[in-house]
Amino acid sequence: MNKMYKLLLTACVVAISAMTLLAGSINNREAERIELAKAPVIEKAIQNKNEEWERYYPRQYGSWKKTKEGDKLIDMLKENPQLVVLWAGYGFSKDYNAPRGHYYALQDNVNTLRTGAPVDGKTGPMPTACWTCKSPDVPRIQERDGELEFFTGKWAKYGNEIVNTIGCANCHSNQTGELAVRVPHLNRALISAGLPTFENSTHQEKRSLVCAQCHNEYYFHKTPWTDKNGVKKIAKVTTLPWANGLTVEGKEKYYDDLNFSDWTHKLSKTRMLKAQHPGYSLYKTGIHGQKGVSCADCHMPYTQEGSVKYSDHQLQNPLNTMDRSCMPCHRESEEKLKSIVHRKYDRKEQLAQIVMDNLAKAHLETAKAMEAGANDADLKDIRADIRSAQWKWDYAVASHAGFFHAPEETLRILSVANETAMQGRIKLVSVLAEHGVKRYIAPDFSTKDIAQKLVGVPFKKLVEEKLRFKATLEKEWYKQAVANHNLNPEKSRVGLDEINTAYSK
């Protein structure tokens, strides 16, 4: 009995000691986790260079650098030559690649034929507003020069200063590291739509709103102003058309009420709208948006490293991180979820191809009607159909993952677009017949080369001019940026000096 008592006592002592050690270990690990998870004290405001944030947020910065892995270059005009006809007379008919990782966003903007081949800070086809969503240098310059001065002039005006790609200071306060929107156009849009400002939104809403400042439809609103020297100027201010709500119809009404157009179509002479990338607005109509799931929940899932939990800043397709992006909420298998997503994509693609084909033919048939003698009165209703149909088609497909964010709304918009395009083509049959044209068949536009020749894109000339710009002015920009301490090429330009574009292949 005595012996048994001693054995039990010894076992209890060992168990208690082990529990004490375990509790101490847990407490130490929890203290370590809390300490590591604390927001660091930023000694002075961090500015534009993403690598400056590494000191304070090494894990987030390390994952952000992996956006470099999203380097696949897809020539969308080659994949879908109808686009050349749809955008005839507009920059996108010259050059349009599928978006790559944030690491490449700024350089892809510099490389594209759409931004032209300026020879100095006052030449080139595009306004300064084309930099808006491409760099943390933008809020730095807006805060320094004023928003209206920033939006005044040509794209090349700030070529030697906007040299760091989308990164930390686009979505975070450079003083506290908290989520922040440092460009004013988003709050103006929220107010116009009767919604809470960014500052008055919940933290969960902010995890989507920082994305909304760029992943949304916008246009450049011409704004007269007078600078401090009394000089009258025109600023082209990035503006989100939310005054009638965030729907595709609400934005179309906004533009119609303004009598606004992005360009006049080269073939059909229709006053057109170009949708940008209305991802946020379309996401809000889908099940994830309605249930309060934020953009970051899926595209920046939390990950664990030792005792630290942090959001993954690689910003990639959630299907690549399903264990962290999808499975915390969904109960189906990963394979079943993937099959659902791919089925939604196939449905969207099938309908989008039909709409593109009908729209391209509508433009070409309208051009033929004009050639046969049809006037503006004859074509007024047809052009209205083309404008509305192409706006809706573009809105649906430019919201790149709309087939996933809001599949029902995406298919609805595409269906309405196709019906409207077909109504326009039916009217064209009568107009063509009235002017002696029967059984007209639109010319071939089956390849990028054929389509660009058809609409008169001087592709070879544009490429030669662009390569000359890249060999001269662009190189000067980066030299000046390094000299002015705005750029650290060893940290932020690795692999970007190679000319990796669709026209260099």
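Below: a short report on this structure. Note that the coordinates shown come from a computational prediction; the quantities given were computed from them, not determined experimentally.

**Observations regarding the packing of aromatic side chains**
What describes a pair of aromatic rings is the distance from one ring centre to the other and the angle between the planes of the rings.
Thinking step 1. With the rule as written, the count across this model stands at 28 aromatic pairs.
Thinking step 2. Ring geometry for W131 versus W477: centroids 6.4 Å apart, planes at 65°, classification edge-to-face. In this pair, W131 is assigned in the loop between α5 (102-111) and α6 (137-145) and W477 in helix α22 (residues 473-483), connecting sequence segments 346 residues apart.
Thinking step 3. Taken together, the ring pairs connect W87, Y90, F92, Y96, W263 and W393 into an aromatic cluster.
Thinking step 4. The ring of Y104 has R100 lying over it, and the distance from NZ or CZ to the ring centre is 4.2 Å.
Thinking step 5. When the ring centre of F92 is taken as origin, the NZ or CZ atom of R114, which lies over that ring, is 4.1 Å away.

**A look at the side chain of E252**
Thinking step 1. Topologically, E252 is positioned in helix α11 (residues 248-258).
Thinking step 2. Within the structure, E252 has its side chain in polar contact with the side chain of S388 (distance 2.7 Å).
Thinking step 3. Ignoring any residue separated from it by four or fewer positions in sequence, one finds E252 in contact with S388, W391 and K392.

**Here's the deal with empty space enclosed by the protein**
Thinking step 1. Taken as a whole, this structure holds 3 cavities of 30 Å³ or more when the rule is applied.
Thinking step 2. Volume-wise, the largest cavity comes out at about 60 Å³.
Thinking step 3. Along its surface, the largest cavity is lined by T132, C133, S135, V138, P139, N170, R182, V183, H185, Q213 and C214.
Thinking step 4. Grouping the amino acids of the lining of the largest cavity by side-chain chemistry returns 5 nonpolar, 5 polar and 1 charged.
Thinking step 5. What the second largest cavity holds in volume is close to 50 Å³.
Thinking step 6. Tallying contributions element by element places α5 first for the lining of the second largest cavity, with 3 residues.
Thinking step 7. Among the residues making up the lining of the second largest cavity, the classes are represented as 5 nonpolar, 4 polar and 1 charged.

**Structural notes on the pattern of salt bridges**
Thinking step 1. Applying the stated criterion to the full structure yields 31 salt bridges.
Thinking step 2. Across the salt bridge formed by E249 and R412, the nearest N and O atoms sit 3.0 Å from each other. Highlighted residues: E249 in helix α11 and R412 in helix α19 (residues 407-434), separated in sequence by 163 residues.
Thinking step 3. When its relative accessible area of 32% is taken as the criterion, R412 is described as partly exposed.
Thinking step 4. For K368, the salt bridge identified is with E371, shortest N-O distance 3.1 Å. Linking K368 with E371, this pair stays in helix α16 (residues 334-372), spanning 3 residues, or about one helical turn.
Thinking step 5. By sharing partners, the salt bridges in this structure join D137, R140, R144, D145 and E161 into a single network.

**Description of the packing of α16 against helix α17 (residues 376-398)**
Thinking step 1. Contact geometry for α16 and α17: axes closest at 10 Å, N-to-C directions at 155°. Between α16 and α17, the interaxial angle falls into the category roughly antiparallel. Considering only the axes of α16 and α17, their crossing is left-handed. Taken together, the residues of α17 that come into contact with α16 (itself represented by A352, V355, M356, L359, A362, H363, T366, A369 and M370) are L379, I382, R383, I386, A389, Q390, W393 and V397.
Thinking step 2. Partitioning the contact of α16 with α17 into residue classes produces 13 nonpolar, 3 polar and 1 charged.

The rules behind these values
Residues numbered from 1 in each chain as written. Predicted model: local features only at pLDDT ≥ 70, side-chain atom pairs only at ≥ 80, totals over all residues. Heavy atoms only, no water. Phe/Tyr/Trp six-rings, centres within 6.5 Å; stacked < 30°, edge-to-face > 60°. Helix = DSSP H or I, 4+ residues; strand = E, 2+ residues; numbered from the N terminus. Lys NZ or Arg CZ within 6 Å of the ring centre and 35° of its normal. Polar contact = N/O pair within 3.5 Å; in protein donor to acceptor, adjacent residues only side chain to side chain. Contact = heavy atoms within 4.5 Å. 1 Å grid on protein atoms, 1.4 Å probe; cavity = no way out; pocket = protein on both sides within 12 Å on 5 of 7 lines; lining within 4 Å. Points joined across faces, edges and corners; volume = space filled by probe spheres on them. Nonpolar A, V, L, I, M, F, W, Y, C, P; charged D, E, K, R; others polar. Salt bridge = Lys/Arg side-chain N within 4 Å of Asp/Glu carboxyl O. Buried < 20%, exposed > 50% of the residue type's maximum accessible area, 1.4 Å probe, protein only. Axes fitted to C-alpha atoms, helices over the stretch in contact; angles between N-to-C directions. Parallel < 35°, antiparallel > 145°, perpendicular 65-115°, else oblique. Left-handed = near helix turned anticlockwise from the far one by under 90°.

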